[in-house]
Every structure is written in C-alpha cells, then in structure tokens.
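Residue strings, one per chain:
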Number of protein chains: 2
Amino acid sequence: MKTHTESEENYIKALYHLGGGLPVSNGDLAQRVGAKGSSVTQAVKRLGQKDLVNVVPYKGVQLTPQGIRLAKSILRKHRLWETFLVDKLGFGWDEVHPLAEQLEHIQSEELVDRLFQFLGSPKHDPHGDPIPERDGQMPPVLGQPIGAFSKGSEIRIVRVEDAGSEFFDQLDTMNINLGNTYEIRAISAFDSSVELGSSTGSFWLSQSMCANIYAIQS
Amino acid sequence: MKTHTESEENYIKALYHLGGGLPVSNGDLAQRVGAKGSSVTQAVKRLGQKDLVNVVPYKGVQLTPQGIRLAKSILRKHRLWETFLVDKLGFGWDEVHPLAEQLEHIQSEELVDRLFQFLGSPKHDPHGDPIPERDGQMPPVLGQPIGAFSKGSEIRIVRVEDAGSEFFDQLDTMNINLGNTYEIRAISAFDSSVELGSSTGSFWLSQSMCANIYAIQS
DNA sequence: AATTATTTTTAGCTTTGCCTAAAATAAAAC
DNA sequence: GTTTTATTTTAGGCAAAGCTAAAAATAATT
Ligand SMILES: [Mn+2]
Ligand SMILES: [Mn+2]
Ligand SMILES: [Mn+2]
Ligand SMILES: [Mn+2]
C-alpha cells in the first residue's frame, strides 16, 4: 500500500464522488477539484501511472479497482473525522467539512481503527452519509427526499445533503436535526412545500429544503 | 496569519527545538529535518522572505519573534494531539510521535481550542512535556533526572525523554509510567545505577535509563 | 602563514502541481 | 457535410522542495 500525496487523494475522491467507478470528463473533474483542465490532464496522467485510474484521451477518466479502494478509504476517514468533530468536540455539522478535508489525509490504519472504535463503530456520519467499512463495504444510503412522502406519513430525518452553509444555517434556525420525527400534515398544491408537524407545533418547509432533507417512514 | 506548508512548519519546529530562539547552524538543521545542507540553504532563504527567520550566510539561522510564535503553536498542536492519542484512543506513548508529526499541521484555531477543552485543559503531554498555552506561555518543565536524587528520597515520575522506541519498550517492560512513585533505596557506587522501591517490590535502573527519566520529590 | 579539512553556498537537475495560451480534437449547428 | 463551438490536450512557465557535484568560505592543523 503506497503512500499518496494530498493532491492525488483529492483527485481520487473527486473521481469517486462524480463517477463512483464510471468515466468522468476532464471538465467535470476540473470543476470539482478547483483546477484548470490542463492541470487535470497531467494529474490524471500521473494517477494512471500508479494504476489508480484508466485514462482514455478526449474520452474520460475512470477509477480502477485499486482507485476505488483508495477512494473509499479516504471517504471512510473523512466521515469518521466528521463524526469525531461533531460528536466529541461539539462542532456544528456545517463547520466540519473543511476540517475533515484536511484530516482525511492523515496516514495511519491504526489511527482509523482506533477512531472508529472510539466513536462507537458508527455506520453513518453527522449528515447521515454512510461510512465505508474497513473492507470497503458501504452501509445503506438512507432515506428519501421529504417530498416523496405522502400526507399523513410519520417520518424520521436520517440524512441531509451538503447543500452549502446557508442550507445548514436554515436547518439550525428551524431546529431540524437528524433523528427528529414529524408528521406530514399537508402538501401545497401550489409550490410543493410541505407542512411538518410535531408535538411542539408545526411549520412549512419549502420545496428546495425538502429536496435536500431525507427521511424514512417511522 | 498566513498559511504555511508542512515543510516550512517542520523547519520552524526544528529550529525551535535546536536553538529555542538562538542561532542554529545549517548542518544541525539539516540533520534535524533529514535533508541535505543545500536544501536547507534554500529552505531558510524562503523562510527569511516570510520573516520567520533571520539568516546570516555562513553564520547561522535564527527564529524571529513571529517564528517563535509559530513554533510554539505547532508544538502546542503536536502535544495536544499526542495527549488525545494516548488518553482517548489508547495508543502507547511510544507510538504517538509520528502520528502527531502529521496532525500538528492541521490548520484550525477552533479545532485546537476545542481539542484542548475536550482533553481537560492539559498542561503536559503524555511524556510530561509542557504544552504551550494559547498565548505562547510555557508551563514549567518538570522534574530532574532520577540520578540527581539522593538515597532515601520519595519521588514521582513526571517526565521522560524521547529517547527512541527501545527506551519506551524498556519503560513498558518495567511497568514505569508517569505518576508512579518510588523510594530511592540505593545508588550503586560502581555504575551509578539506582534501586527503586515501591509497595510491590524493588528493581534496579541503569544509569542510562535514569538519565532519561525525570521525577520530583513527593 | 600556509595548508588541510569542514561547512556552507551555488549551480544545475528532477518531480509535483499548478497556471496561461495555442493547437488539436470532438460535438453541435447549420 | 461543412462550419462553428466547446472541450481537451500540448507547449511553455513558474514555485516549492528535494537531490548531487563543484566552488567558496570558514575553521582547524601543521
Ligand atoms: Mn482533502
Ligand atoms: Mn459528511
Ligand atoms: Mn511534522
Ligand atoms: Mn511528547
């Protein structure tokens, strides 16, 4: 198991996020990692030499099985650190991403294993995203967008999309957290907004908000 | 408050360790960071441009006040992470240094502050080394080498030198830990080894071991 | 003081990783 | 089926960070 640079790991993670094993275009990758297309061209060339990706010029880049393994191990670290930051250090879930972006590159199998144990062997991170297992297996991606439920459903929030800090601020303002349960009281025929009810009252959620909040029947 | 590369930070930390603010020779610095002299020459030139050091060619390199501030902040992070790894994740004190060497470069004031709190505002790390305060103040460097105490003294182990993994292994084998208390039962006139006694029995410590273990009268 | 030995710097090269601008290719429009 | 547009790759630069080998400066010995 070789050692990789931070840049390389960020490319691998971006590729996994965009394609999950399928080919990704130069442009999309450039956008994701925040670099110019020309930089991406040479970056993936280097990754190809390390057998982490397959490159077909003008066509696209694709993770190899080893690349996928690496991507998952980085994602595992990222989400474990996010869990640590929120559960143990009390960070807000909107603050942890950039920090995990750094911490995910710390190299130590032992550290990851111990962190995993210390956190109580979590299956999902503070946003409800699945934390890859040690062997690469992925826990289920939980929930459906709130808009998918019908009136009268009892639901529990299990996941939120990473839709930017304004979105997280809105969640905090509305006191919406993972684990909260609501009843779907009404669905607007006009703008598809949804009225959620709980013991403490009820409130309306815009269609945009609903699309980024995932729940399961409870 | 600019952002620095990992390499730069390692140079700054090495300079602080070697000179603590006083001039350091190119050779000593090269040895410490594990690079060749020529690499060091340009590295310190870069650091000089950032006003972190003063360089006098052929004479030596010296940390500026800003350099010292930075060095302390890195040391603070290093020792806080070591404390985390030992206290919370159960690592042995011989294993944590290389990991802290990576973690010390994570950039976030907020993270350091929260970690500090989470660990119970520690003043010393798992080896008994002082953890710099937020403002740069240094807690006292505790203890004297065991060889400095006289027969009959009641002592408590408060610090150990970082003298390599074999040293730590020996400590573990002998079950010597920070906080342990002993009575000095005898001091060999032949080889300066020391007999330490406790409720569970007694044992002899070589002069080399004694020189790397620090204690206070208790 | 002159010579030798050590240390430090310079010069020149390499790799990673990013950039801009120009050329080449693929996709879309006419 | 050309022509135009968009995407991708090449070419050429630059900075950080390391290296080796040669030159220069300092320190140590005769
Ligand atoms: Mn990252
Ligand atoms: Mn997450
Ligand atoms: Mn380090
Ligand atoms: Mn320490």
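What comes next is a walk through the structure. Worth saying up front: this structure is predicted, and the values here are computed from it rather than measured.

Notes on helix 3 (residues 37–49) of chain A
Residue and element names in this part refer to chain A.
Move 1: Here helix 3 spans 19 Å end to end across 13 residues, near enough to the 18 Å set by a 1.5 Å rise per residue.
Move 2: When we look at burial in helix 3, the residues that qualify are Val40, Ala43, Val44 and Leu47. Looking straight down helix 3, one finds its buried side chains confined to an arc of 95 degrees; they lie on one side. Away from its buried face by more than 90 degrees, helix 3 exposes Ser38, Lys45 and Gln49.
Move 3: The secondary structure elements touched by the buried residues of helix 3 are helix 1 (6–19), helix 2 (26–33), strand 1 (53–56) and strand 2 (60–63).
Move 4: Asp51 sits one or two residues past helix 3 and shows a positive phi near 60 degrees.

Here we look at the coordination of the manganese ion (ligand 2)
All names here are of chain A.
Move 1: Listed as protein donors to the manganese ion (ligand 2) are Glu82 (OE), Asp125 (OD) and His127 (ND1); their distances from the metal cover 2.2 to 2.4 Å.
Move 2: Spacing between the donor residues of the manganese ion (ligand 2) along the chain follows E-x42-D-x1-H. Each member of the pair, Asp125 as well as His127, carries the same accessibility label: buried.

Side note on the sheet that holds strand 3 (residues 144–145) of chain B
Residue and element names in this part refer to chain B.
Move 1: Taken in spatial order, the 6 strands of this open sheet run 3-8-4-5-6-7, and their pairing is antiparallel. Since the sheet does not close on itself, it has two edges, and those belong to strand 3 and strand 7 (201–205), each with one partner.
Move 2: Sheet topology places strand 5 (residues 181–187) next to strand 6 (residues 194–198); 4 bridges connect them, and they run antiparallel. Of the residues in strand 6, the one forming a bridge with Ile187 is Val194.

Here we look at the protein's contact with DNA strand D
Move 1: In the vicinity of DNA strand D there are 19 residues, among which Asn26(A), Thr5(B), Ser38(B), Ser39(B) and Gln42(B) approach most closely.
Move 2: In this structure, a phosphate oxygen belonging to DNA strand D sits 2.9 Å away from a main-chain N or O atom of Gly27(A).
Move 3: Residue Lys36(B) places a main-chain N or O atom 2.9 Å away from a phosphate oxygen belonging to DNA strand D.
Move 4: In terms of residue class, the surface near DNA strand D is made up of 5 nonpolar, 11 polar and 3 charged.

Describing the coordination of the manganese ion (ligand 1)
Residues and elements named next belong to chain A.
Move 1: The coordination sphere of the manganese ion (ligand 1), as far as protein atoms go, consists of Asn10 (OD1), Glu101 (O), Glu104 (OE) and His105 (NE2), spread over 2.1 to 2.5 Å.
Move 2: Each donor residue of the manganese ion (ligand 1) belongs to the same chain, and together they define the spacing N-x90-E-x2-E-H. The pair formed by Glu104 and His105 is uniform in burial state, with each residue classed as buried.

Notes on the interface of chain B and chain A
Move 1: Chain B puts 20 residues into the contact, and the matching count from chain A is 20 residues.
Move 2: A combined buried area of about 1700 Å² lies between chain B and chain A, and 72% of that area is made up of carbon and sulfur atoms.
Move 3: On the chain B side of the interface with chain A, the three residues burying the most area are Leu89(B), Gln102(B) and Arg114(B), jointly 30% of the side's total.
Move 4: Viewed at the interface, chain A and chain B are joined by 0 salt bridges.
Move 5: The interface formed by chain B and chain A includes 6 residue pairs in polar contact (both at pLDDT 80 or more).

A word on the relation of the copies chain B and chain A
Move 1: Rotating chain B by 180 degrees about the axis while translating it 0.0 Å along that axis superimposes it on chain A, leaving an RMSD of 0.1 Å. Both copies are brought into coincidence by an operation consistent with a two-fold rotation axis. Across chain B, the rotation axis passes nearest the C-alpha of Leu103(B), at a separation of 3.9 Å.

Section: the protein's contact with DNA strand C
Move 1: In the vicinity of DNA strand C, 20 residues are found, and the nearest of them are Thr5(A), Ser39(A), Gln42(A), Asn26(B) and Gly27(B).
Move 2: Looking at DNA strand C alone, sugar and phosphate atoms form 73% of those within 4 Å of the protein.
Move 3: Measuring from a base nitrogen of DNA strand C, one finds a side-chain N or O atom of Gln42(A) at 2.8 Å.
Move 4: Within the side chain of Arg46(A), an N or O atom sits 3.0 Å from a phosphate oxygen of DNA strand C.

Section: unusual backbone geometry
Residues and elements named next belong to chain A.
Move 1: Here Tyr58, not a glycine, exhibits a phi torsion of approximately 70 degrees, which is positive.
Move 2: Mapped onto the secondary structure, Tyr58 falls in the loop between strand 1 and strand 2.
Move 3: Positive phi outside glycine occurs at Ser121, with the angle close to 50 degrees.
Move 4: With respect to the secondary-structure elements, Ser121 resides in the loop between helix 6 (109–118) and strand 3 (144–145).

Rules used throughout
- Residues numbered from 1 in each chain as written.
- Chains lettered and ligands numbered in written order.
- Predicted model: local features only at pLDDT ≥ 70, side-chain atom pairs only at ≥ 80, totals over all residues.
- Heavy atoms only, no water.
- Helix = DSSP H or I, 4+ residues; strand = E, 2+ residues; numbered from the N terminus.
- Expected span 1.5 Å × (residues − 1).
- Buried < 20%, exposed > 50% of the residue type's maximum accessible area, 1.4 Å probe, protein only.
- Arc of directions from axis to C-beta.
- Contact = heavy atoms within 4.5 Å.
- Donors = N, O, S within 2.8 Å, 3.2 Å for Na, K, Ca; no water.
- Pairing = 2+ DSSP bridges.
- Near = heavy atom within 4 Å.
- Polar contact = N/O pair within 3.5 Å; in protein donor to acceptor, adjacent residues only side chain to side chain.
- Nonpolar A, V, L, I, M, F, W, Y, C, P; charged D, E, K, R; others polar.
- Buried area = accessible area lost by both parts, 1.4 Å probe.
- Salt bridge = Lys/Arg side-chain N within 4 Å of Asp/Glu carboxyl O.
- Least-squares fit on C-alpha atoms with pLDDT ≥ 70 in both.

From the geometry alone we can't say anything about function, so treat these as descriptive.
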